[in-house]
Amino acid sequence: MTMEFGQEDFRIFLEEGQAHLETLEQSLLVLEDSIGGALDLGMINEMFRAAHSVKGAAGMLGLKAIQSVTHQLENLLGRMREGALSADYEIVEALFEAVDVLRTLMVEMGGPDRTTRTDIKPTVERLKKLLEVREALANGGGVVDSSLLPFSVDPALEASLDARAMEAAKRAVREKRY
């Protein structure tokens, strides 16, 4: 059974999608102001549902770029909702970037040719790596691939550090004191 979607379905998706993005953006502004405090799980749930709705509708319409970005956005919000991840400035900034990219994609999709020109790969990769690093650090760290860190380490400096100094640096990253 193949489902066909018409212009009206697409228009409704864009309208509802913009409303969900507005919800995400307004919630991110509140989240940004509350960094360091307790997470409002009701608000995080609302954000998750908004991302989930956009992802599902995009999937039904075959809008792969929008679906891909919202999938990663949903993954990050899901871990926050579960209490496995807390909000900080880097996470909020990455979430804002994802919402901006989604808004741009929707504007492009609303054009006459329904095509997108926006490269989603940097945003998708940033969200993936951010989640990987934070989960690795939250789970005791072990060895984290330095390409996943939110900063670069000079190889010469890294090679010159003894084990105690490297452990202190890893601890600073885990405690978000970098």
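Please read all numbers here as calculations on a predicted model, not as lab measurements. Per-chain numbering applies: the sequence of each chain, read as written, is numbered from 1 onward. The model is predicted, so local features are restricted to residues of pLDDT at least 70 and side-chain atom pairs to those at 80 or more, both for listing and for counting; the totals for chains, interfaces and linings are taken over all residues. The side-chain quantities take in all heavy atoms of the structure and omit both hydrogens and water.

1. So, helix α2 (residues 41-61)
Look at α2: 30 Å from first C-alpha to last across 21 residues, which is about the 30 Å you get at 1.5 Å a residue. The complete set of buried residues in α2 reads M43, I44, M47, F48, A50, A51, V54, K55 and A58. Seen end-on, α2 carries its buried residues on one side only, within an arc spanning 160 degrees. Residues count as neighbours in contact if any of their non-hydrogen atoms are within 4.5 Å of one another. Numbering of helices and strands starts at the N terminus; helices are DSSP runs of H or I of at least 4 residues and strands are runs of E of at least 2. In this fold, the buried residues of α2 make contact with α1 (7-33), α3 (64-81) and α4 (89-109). The span one expects for a helix is its residue count, reduced by one, times 1.5 Å. Only protein chains enter the accessibility calculation, which uses a 1.4 Å probe. A residue is then buried if its area is under 20% of the maximum for its type, exposed if over 50%, and partly exposed in between. The arc in question is the one traced by the directions running from the helix axis out to the C-beta atoms.

2. Section: the packing of α1 against α2
A fitted line through C-alpha atoms serves as each axis, taken over the contacting stretch for helices, and the angle formed by two N-to-C directions is quoted from 0 to 180°. Two elements in contact, α1 and α2, have axes separated by 9 Å at closest approach and are oriented at 155 degrees. Considered as vectors, α1 and α2 are oriented roughly antiparallel to each other. At the point where α1 passes α2, the crossing takes the left-handed sense. Packed against α1, whose contacting residues are D9, F10, F13, G17, H20, T23, L24, S27, L28, V30 and L31, the element α2 presents M43, I44, E46, M47, A50, A51, S53, V54, A57, A58 and L61 at the interface. Classification used: nonpolar for Ala, Val, Leu, Ile, Met, Phe, Trp, Tyr, Cys and Pro, charged for Asp, Glu, Lys and Arg, polar for all others including Gly. For the contact of α1 with α2, the residue count by class is 15 nonpolar, 5 polar and 2 charged. For classification, angles of less than 35 degrees are called roughly parallel, those exceeding 145 degrees roughly antiparallel, those between 65 and 115 degrees roughly perpendicular, and all remaining angles oblique. Here is the rule for handedness: rotate from the far helix to the near one, and if that takes an anticlockwise turn smaller than a right angle the crossing is left-handed, while a clockwise turn gives right-handed.

3. Structural notes on the packing of aromatic side chains
Pairing of aromatic rings covers Phe, Tyr and the six-membered ring of Trp, with a centre-to-centre limit of 6.5 Å; geometry is then stacked below 30 degrees between planes, edge-to-face above 60, and tilted otherwise. For the coordinates displayed, the defined rule picks out 1 aromatic pair. Between F10 and F13 the ring centres are 6.5 Å apart and the planes differ by 35 degrees, which places this aromatic pair in the tilted class. Pair noted here: F10 and F13 are both in helix α1, with a separation of 3 residues, about one helical turn. Side by side, F10 and F13 carry an identical accessibility label, which is buried. Taking NZ or CZ as reference, R81 lies 3.7 Å from the ring centre of F48, over its face. Only lysine NZ and arginine CZ atoms are considered, and such an atom sits over a ring when it is within 6 Å of the ring centre and within 35 degrees of the ring normal.

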